[in-house]
Amino acid sequence: MEILMLGTGSAWCVPEHSCNCAICTMMTDRREERTRTSFLVKSMESILVDCGPDLRAQMIAHGVKRPDLILITHEHGDHFLGLDDLLAFRRSVPEHSWTPIPVYATEQTWKSIEIRFGYLLNSLIERRLAFPGLPLERTTARITPFKTFHGESANGSVGYVLETQEADGWIKIVYTSDFMTIEDEPGILSEPDVLIIQSHWLNEPHENRPSHMSFQNAIEYIRRWKPRKATYLVHISDGDQVPGDSCNNFLKKLTPLSPLSEPNSSIPYPVPRCASEWQDVVDRICRDYGIPGPVVVTRDGMKITLD
Ligand SMILES: [Zn+2]
Ligand SMILES: [Zn+2]
């Protein structure tokens, strides 16, 4: 089976337009881009997980065919606004041969999707409900949503545990999507083969205003859940403050609570600006603090093959 990372960035992508902060400037110079986080699991079925406004470009870049089903984690635009782009699949098949694509989301999330995309229901997509703790019905893979806390503006937010049957047994993927905490953590989150976890910032901000996960806090989840094969970091933003950057007073740049520092020292790790700097810093932190690895900083277009 394969996981294709269609996008690995935050809600406004990185680099962000109209921004000349140290992170966006370096990424622009290096021609790097993180589009909205979304990925495709290709096993017996092809499962699209979240679909933001970059979906069309992501599908063209990777020749994505019609997915068998779609999982939506929550009601923020960067996670579902691409649904409209699926219409091109329907327009490109003979008349009367189309069957709607099942889309799973919680009841609360569906309220937002229906307001925006009610006209797609039953013709293009089929509304299916996800209940935290209960495996989804009518899927070949075992897919179990779990409740996450991502602030009051996303009360329907969930992550998903995807278990697919491969030649040598079952593969378990845990995907958290955007979150800050998980109350009543279900046991099913333990020891996945692969953990895909949000790392919106390197350092936990003094005030976690939009309710996202920092790598600093993700470490606790990696330690507790003990992924067997690897951890992948996604939904990376430009919200960290790079010391000395004149843009550190921007609204999106949040002051760290207590930045990650080298062991027995008060020297903070450097704030990463691009993908390779992110990986270098994460490798150093994992080595210094004995965090089970590998911990991989994803890039758009990355393919993860699992047997
Ligand atoms: Zn998001
Ligand atoms: Zn969100």
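Provided above is the structure to which this section pertains.
Residues numbered from 1 in each chain as written. Chains lettered and ligands numbered in written order. Predicted model: local features only at pLDDT ≥ 70, side-chain atom pairs only at ≥ 80, totals over all residues. Heavy atoms only, no water.

**Examining the pairing of strand 10 (residues 194-198)**
1) Next: Taken across its five residues, strand 10 has five buried, putting it largely inside the fold.
2) Next: By the alternation rule, side chains of strand 10 split into Val194, Ile196 and Gln198 and Leu195 and Ile197, which are all buried.
3) Next: As judged from the three bridges shared by strand 9 (residues 169-175) and strand 10, these two strands associate in the parallel manner. Looking at the pairing, isoleucine 173 lines up with valine 194 of strand 10.
4) Next: As defined by bridge partners, strand 10 adjoins strand 11 (residues 230-234) across five bridges and the pair is classed as parallel. Directly across from isoleucine 197, in strand 11, lies its bridge partner leucine 233.
5) Next: The handedness of the strand 10 to strand 11 crossover, carried by helix 6 (residues 215-225), is right-handed. (Buried < 20%, exposed > 50% of the residue type's maximum accessible area, 1.4 Å probe, protein only. Helix = DSSP H or I, 4+ residues; strand = E, 2+ residues; numbered from the N terminus. Pairing = 2+ DSSP bridges. Right-handed = clockwise from strand over helix to strand, strands pointing away.)

**Focus on helix 6**
An α-helical segment advances 3.6 residues per turn. Residues three or four places apart therefore align on the same side.
1) Next: Considered for burial, the residues of helix 6 that qualify are Phe215, Gln216, Ala218, Ile219, Tyr221, Ile222 and Trp225.
2) Next: At the C-terminal side of helix 6, lysine 226 shows a positive phi close to 50°.

**Let's talk about the coordination of the zinc ion (ligand 1)**
1) Next: Protein coordination at the zinc ion (ligand 1) comes from Asp78 (OD), His79 (NE2), Asp178 (OD) and His235 (NE2), with a distance range of 2.1 to 2.2 Å.
2) Next: In this structure, the zinc ion (ligand 1) is coordinated by four donor atoms arranged in irregular fashion, with angles at the metal of 89 to 165°.
3) Next: Here the donor residues of the zinc ion (ligand 1) share one chain and are spaced in sequence as D-H-x98-D-x56-H.
4) Next: Looking at aspartate 78, the relative accessible area reads 8%, which means it is buried. (Donors = N, O, S within 2.8 Å, 3.2 Å for Na, K, Ca; no water. Tetrahedral: all angles 85-135°; square planar, octahedral: opposite > 155°, others 65-115°.)

**A word on the coordination of the zinc ion (ligand 2)**
1) Next: Bound to the zinc ion (ligand 2) are the protein donor atoms His74 (NE2), His76 (ND1), His150 (NE2) and Asp178 (OD), situated 2.2 to 2.4 Å from the metal.
2) Next: Considering all four donor atoms around the zinc ion (ligand 2), angles at the metal cover 88 to 172° and the coordination shape is irregular.
3) Next: One chain supplies every donor for the zinc ion (ligand 2), spaced along it as H-x1-H-x73-H-x27-D.
4) Next: The zinc ion (ligand 1) is placed at 3.4 Å from the zinc ion (ligand 2), the two being bridged by aspartate 178. Of this pair, histidine 74 sits in the loop between strand 4 (69-71) and helix 3 (77-80) while histidine 150 is found in the loop between strand 7 (142-147) and strand 8 (158-166), placing the two residues 76 residues apart along the sequence.

**Focus on helix 7 (residues 275-289)**
1) Next: Its 15 residues place the ends of helix 7 21 Å apart at the C-alpha level, agreeing with the 21 Å of an ideal helix rising 1.5 Å per residue.
2) Next: Every buried residue belonging to helix 7 is among Ala275, Trp278, Gln279, Val281, Val282, Ile285 and Cys286, and all of these are buried. The buried side chains of helix 7 occupy one side of the element, clustering within an arc of 165° when seen end-on.
3) Next: Buried residues along helix 7 sit in contact with helix 6, strand 11 and strand 12 (295-297).
4) Next: Just past helix 7, the residue glycine 290 takes up positive phi, approximately 65°. (Expected span 1.5 Å × (residues − 1). Arc of directions from axis to C-beta. Contact = heavy atoms within 4.5 Å.)

**Digging into the packing of aromatic side chains**
1) Next: By the definition in use, this model includes five aromatic pairs.
2) Next: Note on phenylalanine 179 and tyrosine 221: the rings are 5.3 Å apart at their centroids and 75° apart in plane angle, and the pair reads as edge-to-face. Of this pair, phenylalanine 179 sits in the loop between strand 9 and strand 10 while tyrosine 221 sits in helix 6, and the two are 42 residues apart along the sequence.
3) Next: We classify phenylalanine 179 as buried; its relative accessible area is 0%.
4) Next: Take tyrosine 221: its relative accessible area is 7%, and that puts it in the buried class.
5) Next: The side chain of arginine 224 reaches across the aromatic face of tyrosine 221, ending 5.0 Å from its centre. (Phe/Tyr/Trp six-rings, centres within 6.5 Å; stacked < 30°, edge-to-face > 60°. Lys NZ or Arg CZ within 6 Å of the ring centre and 35° of its normal.)

**Some thoughts on the packing of helix 6 against helix 7**
1) Next: Across the interface, helix 6 lies against helix 7 with an axial gap of 12 Å and an inter-helix angle of 50°. By the angle between their directions, the pair helix 6 and helix 7 is classed as oblique. Here helix 6 runs over helix 7; the crossing is right-handed. Along the contact surface, helix 6 presents Phe215, Ile219 and Arg223, while helix 7 presents Trp278, Val282, Ile285, Cys286 and Tyr289.
2) Next: When grouped by side-chain class, the residues that make up the contact of helix 6 with helix 7 number seven nonpolar, no polar and one charged. (Axes fitted to C-alpha atoms, helices over the stretch in contact; angles between N-to-C directions. Parallel < 35°, antiparallel > 145°, perpendicular 65-115°, else oblique. Left-handed = near helix turned anticlockwise from the far one by under 90°. Nonpolar A, V, L, I, M, F, W, Y, C, P; charged D, E, K, R; others polar.)

**A look at the sheet that holds strand 13 (residues 303-305)**
Hydrogen bonds between backbone atoms are what pair the strands of a sheet, whose relative direction is either parallel or antiparallel.
1) Next: With respect to topology, seven strands assemble into an open sheet ordered 6-5-4-3-2-1-13, the strand pairing being mixed. Edge strands, defined here as strands with exactly one partner in the open sheet, are strand 6 (125-129) and strand 13. Looking at each pair of strands side by side, their axes are set apart by 20° on average, direction ignored.
2) Next: Two strands pair when backbone bridges link them, and strand 1 (residues 2-7) and strand 2 (residues 38-42) are joined in this way by five bridges, in the antiparallel orientation. The residue of strand 2 that forms the bridge with isoleucine 3 is valine 41.
3) Next: Against the sheet, helix 2 (residues 55-62) engages strand 1, strand 2 and strand 3 (46-49), with an angle of about 135° to strand 1.
4) Next: Packed onto the sheet, helix 5 (residues 107-117) meets strand 5 (101-105) and strand 6 and runs at close to 155° relative to strand 6.

Function-wise, these values are silent; they only describe arrangement.
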